[in-house]
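Secondary and tertiary structure notes
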Amino acid sequence: MHTTPLGTTAPAPTGASSGIDRFFGISARGSSVGREVRGGIVTFFAMCYIVVLNPLIIGTVPDSTGHYLGGGTEPNLPAVAAGTALVAGLLTILMGAWAKFPLALAAGLGLNAVIAYSVAPLPGMTWAGAMGLVVIEGVVVLILVLTGFRRAVFNAVPPFMKTAIGVGLGLFIAFVGLFNARFITPADGTPVQLGADGSLAGWPILVFIVGLVLMFALYVRRVPGAILIAIVAATVLAIVIEKVVGVGAYSDGSDGGAANPHGWSLNVPSLGGSPVQMPDFSTLFTVDPIGGITAAGAVGATTIVFSLLLADFFDTMGTMVAVAAEGDMLDEDGDIPHSQRILVVDSLAAIAGGVGGVSSATSYAESASGVAEGARTGLAAIVAGLAFLLSTLLSPLVAMVPYEAATPALVMVGFLMMTQVTSIDFTDVEKAIPAFLTIMLMPFTYSITVGMGAGFLMYVVIRIVRGKAREVHWLMYVVAVLFVLYFLRGPLESLLT
């Protein structure tokens with residue numbers, strides 16, 4: 001008998017839903033159509049911030065010619081938002097329909113910042129050229145997948161490291177949730193602090209706390225739909241507070257205006273205006289691979305593609321493992337059903353992100369929030385993908401959900417993923433030290449790739465030191481060398497230029 005994370009028995013499929021059940025294997029994975037729909041909606045709300053945030057990162061930076069994404073001399077944020085939602089929707093639906101895995105994809109944070117701040121401003125570089133380099137990276141990753149190299153690396157990773165990746169990613173996700181809600185903020189004397197000034201103040205923080213407490217309360221009471229209910233309730237509370245108090249958007253005053261340190265972190269919840277807005281897809285097909293190589297030069301283009309490739313390559317592996325582990329979808333060898341298809345879709349997402357003009361798209365760790373809600377199949381991904389497509393028309397409704405209402409789900413997911421740490425044998429130093437570095441460095445460096453790289457390198461080093469070099473899979477040595485190059489890419493690039 002299958003049970004859900006909240007302990008309720010999954011009902012057998014009946015009627016019209018049986019065809020959907022058979023196609024996705026919903027009952028076989030201990031889920032139900034209703035649970036998949038809820039999980040898909042939760043996944044969407046946990047990551048729909050990217051529709052607002054990606055334009056603020058790549059849509060506000062001109063290329064070396066002074067042009068912005070979309071071709072104009074002024075930022076065109078609606079077009080970037082529409083393109084972001086379109087690419088996310090189509091690739092997430094493909095993931096659900098073909099790979100049948102509850103994983104959503106969208107423009108990758110970190111990757112988009114590299115493109116915006118390090119690539120597009122290069123002398124002679126245009127946004128079309130920058131996106132062309134993204135497409136090249138996606139093609140290279142796809143080749144690695146189709147030749148079996150990416151899957152072989154995945155299979156070469158020891159099971160305890162896969163668990164450590166999931167735990168580290170859980171802490172990373174929780175940190176992202178706390179930071180995006182401004183529950184923790186950068187400080188002068190310390191790296192971070194509680195709230196905006198060392199204490200909890202402001203209505204948005206109250207919304208976050210209410211949403212988080214309600215989410216945990218519903219979870220421990222085993223209420224189905226706990227995460228979604230809490231998000232909706234926190235959103236309603238946020239709208240009411242904004243209507244009555246008029247909190248406004250967060251501002252540190254750096255733009256010359258009045259500072260508002262206790263405002264809403266990203267979008268101000270509001271019901272005003274029309275909920276429908278026709279999308280502008282002018283970022284699509286803004287791509288010129290030859291122009292990108294010409295502007296960056298052979299060495300520069302190679303360095304850029306390699307950096308994007310390695311981050312995308314291992315971020316996806318970590319996310320895939322973590323989401324599967326959260327849903328108890330790993331077999332005894334730590335493998336995942338349809339893993340090859342998952343990797344193919346993720347590779348296509350990088351290409352699609354470049355062609356769409358919105359930066360490389362990749363798998364999102366926030367998908368674990370939908371899995372925590374009970375999602376186990378690709379139906380949840382299709383629901384999330386459809387929500388992204390609808391958001392191209394309903395961007396005002398997407399903006400209605402503030403960070404403070406959605407991010408409690410990320411903290412909740414962090415807790416759920418952290419529980420996997422009990423399966424790691426910390427009395428064995430060969431496992432404990434690499435696992436510790438992986439878990440610690442993901443949130444501390446704000447990079448999934450860095451955490452994985454440190455763990456992999458230390459695993460290889462410890463095995464060699466203890467005279468067990470022959471027991472290490474040869475691919476782990478290849479990966480270790482790649483990570484050394486990745487960590488030293490700055491000095492190496494200086495030497496080569």
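Scroll up for the structure.
In total, this model carries 5 salt bridges according to the counting rule given. A salt bridge links Glu430 to Arg466, with the shortest nitrogen-to-oxygen separation between them at 3.3 Å. One end of the pair, Glu430, is in helix α18 (residues 429–445); the other, Arg466, is in the loop between α19 (448–465) and α20 (474–487), with 36 residues separating them in the sequence. According to the relative accessible area criterion, Arg466 is partly exposed, its value standing at 46%. Salt-bridge contacts for Arg463 lead to Glu471; the nearest nitrogen and oxygen are separated by 2.8 Å. The class for Glu471 is exposed, based on a relative accessible area of 52%.

Here we take up helix α10 (residues 226–245). Every α-helix carries 3.6 residues per turn, so stepping three or four residues along brings you back to the same face. Taking 1.5 Å of rise per residue, the 20 residues of α10 would be expected to cover 28 Å, and the 28 Å separating its terminal C-alpha atoms lies within 8% of that figure. Those residues of α10 that fall on the buried side of the exposure criterion are Ala226, Ile227, Leu228, Ala230, Ile231, Ala234, Thr235, Ala238, Ile239, Ile241 and Glu242. Where α10 is buried, its residues contact α2 (33–47), α9 (203–220), α13 (367–372), α16 (403–406) and α17 (408–418).

Turning our attention to unusual backbone geometry. A negative phi holds for most residues other than glycine; trans holds for most peptide bonds. A positive phi angle is found at Lys100, which is not glycine, with a value near 55°. Relative to the helices and strands, Lys100 resides in the loop between α4 (77–99) and β1 (105–107). Of note, the phi angle at Asp328 is positive, near 55°, even though the residue is not glycine. A residue is classified by how much of its surface remains accessible, and Asp328, at 67% relative accessible area, is exposed.

This paragraph deals with the packing of aromatic side chains. Here the structure, examined in full by the defined rule, presents 12 aromatic pairs. Centroid distance Phe175 to Tyr446: 6.0 Å. Interplanar angle 70°. Geometry classified as edge-to-face. Note that Phe175 is positioned in helix α8 (residues 159–180) and Tyr446 in the loop between α18 and α19, a separation of 271 residues in sequence. Each member of the aromatic cluster is reached from another via a ring pair, and the members are Phe172, Phe175, Phe179 and Tyr446. A cation over a ring is seen here: Lys100 above Phe23, with NZ or CZ 4.0 Å from the ring centre.

What counts as what
Residues numbered from 1 in each chain as written. Predicted model: local features only at pLDDT ≥ 70, side-chain atom pairs only at ≥ 80, totals over all residues. Heavy atoms only, no water. Salt bridge = Lys/Arg side-chain N within 4 Å of Asp/Glu carboxyl O. Helix = DSSP H or I, 4+ residues; strand = E, 2+ residues; numbered from the N terminus. Buried < 20%, exposed > 50% of the residue type's maximum accessible area, 1.4 Å probe, protein only. Expected span 1.5 Å × (residues − 1). Contact = heavy atoms within 4.5 Å. Phe/Tyr/Trp six-rings, centres within 6.5 Å; stacked < 30°, edge-to-face > 60°. Lys NZ or Arg CZ within 6 Å of the ring centre and 35° of its normal.

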